Amino acid sequence: MLVGQIRRITTPRTTHERLNDRLDTEARQISNTVSDLRSLYALTQAATEEFNLLDREFVAVGSGIETVAREWICDEFCFVASAYGFTDADAEELTAGRDW
């Protein structure tokens, strides 16, 4: 346990790790603070920006987020919104501002 804590402090975090942490944070915030679609969309924009950063890192090394992955990510945004009771959330609005 202590070794894991030290690693977290001393090891640079990858975009993937930051993205996972961001998604965990967003899920907690949805359940604690989001009361309407407008606030949900504001929250998902921050997570979308994390995916934009990840895509830029992929592009920098000659890759990118694949089409299937793009669709899956958007579907997951919809799934999470629906799971928290936002069944009328617009799929495009959930990830508006995406560069991928």
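Just so it is clear, the model here is predicted, and its values are computed rather than measured. (Residues numbered from 1 in each chain as written. Predicted model: local features only at pLDDT ≥ 70, side-chain atom pairs only at ≥ 80, totals over all residues. Heavy atoms only, no water.)

A. Seen up close, the overall build of the protein. Assigned secondary structure in the protein consists of five helices and zero strands. For the protein, the sequential pattern of α-helices and β-strands runs α-α-α-α-α. Here the protein holds 100 residues, and 27% of them are scored as buried. Relative to all contacts within the protein whose residues are 6 or more apart in sequence, the contacts with residues 24 or more apart total 72%. Accessible surface, the protein as shown: approximately 6700 Å² in total, 55% of it carbon and sulfur. (Helix = DSSP H or I, 4+ residues; strand = E, 2+ residues; numbered from the N terminus. Buried < 20%, exposed > 50% of the residue type's maximum accessible area, 1.4 Å probe, protein only. Contact = heavy atoms within 4.5 Å. Areas by Shrake-Rupley, 256 points an atom, 1.4 Å probe, with all protein chains shown as cover.)

B. Here's a closer look at the packing of aromatic side chains. In the structure shown here, the tally under the stated rule is one aromatic pair. On the basis of an interplanar angle of 55° and a centroid distance of 6.0 Å, the ring pair of Phe51 and Phe77 is categorised as tilted. You can see Phe51 sitting in helix α3 (residues 37-60) and its partner Phe77 sitting in helix α4 (residues 67-83), a full 26 residues away along the chain. Each member of the pair, Phe51 together with Phe77, is buried. (Phe/Tyr/Trp six-rings, centres within 6.5 Å; stacked < 30°, edge-to-face > 60°.)

C. A look at the layout of surface pockets. The space that makes up the largest pocket amounts to roughly 280 Å³. Along the wall of the largest pocket there are 15 residues; nearest its centre are Leu23, Glu26, Glu76, Phe77 and Val80. When residues of the lining of the largest pocket are traced back to their parent elements, those giving at least two are α2 (15-33), α3 and α4. Here the lining of the largest pocket takes six residues from α4, the largest share from any one element. A breakdown of the residues in the lining of the largest pocket according to their chemical character gives 12 nonpolar, one polar and two charged. (1 Å grid on protein atoms, 1.4 Å probe; cavity = no way out; pocket = protein on both sides within 12 Å on 5 of 7 lines; lining within 4 Å. Points joined across faces, edges and corners; volume = space filled by probe spheres on them. Nonpolar A, V, L, I, M, F, W, Y, C, P; charged D, E, K, R; others polar.)

D. Representation of the side chain of Asp55. As for its position among the elements, Asp55 is in helix α3. Despite being buried, Asp55 has no salt bridge partner; Arg70 is the closest side chain of opposite charge, sitting 5.3 Å away. Leave out the neighbours within four places in its chain, and Asp55 touches Gly64, Ile65, Asp99 and Trp100. (Lys, Arg positive; Asp, Glu negative; His and termini not counted. Salt bridge = Lys/Arg side-chain N within 4 Å of Asp/Glu carboxyl O.)

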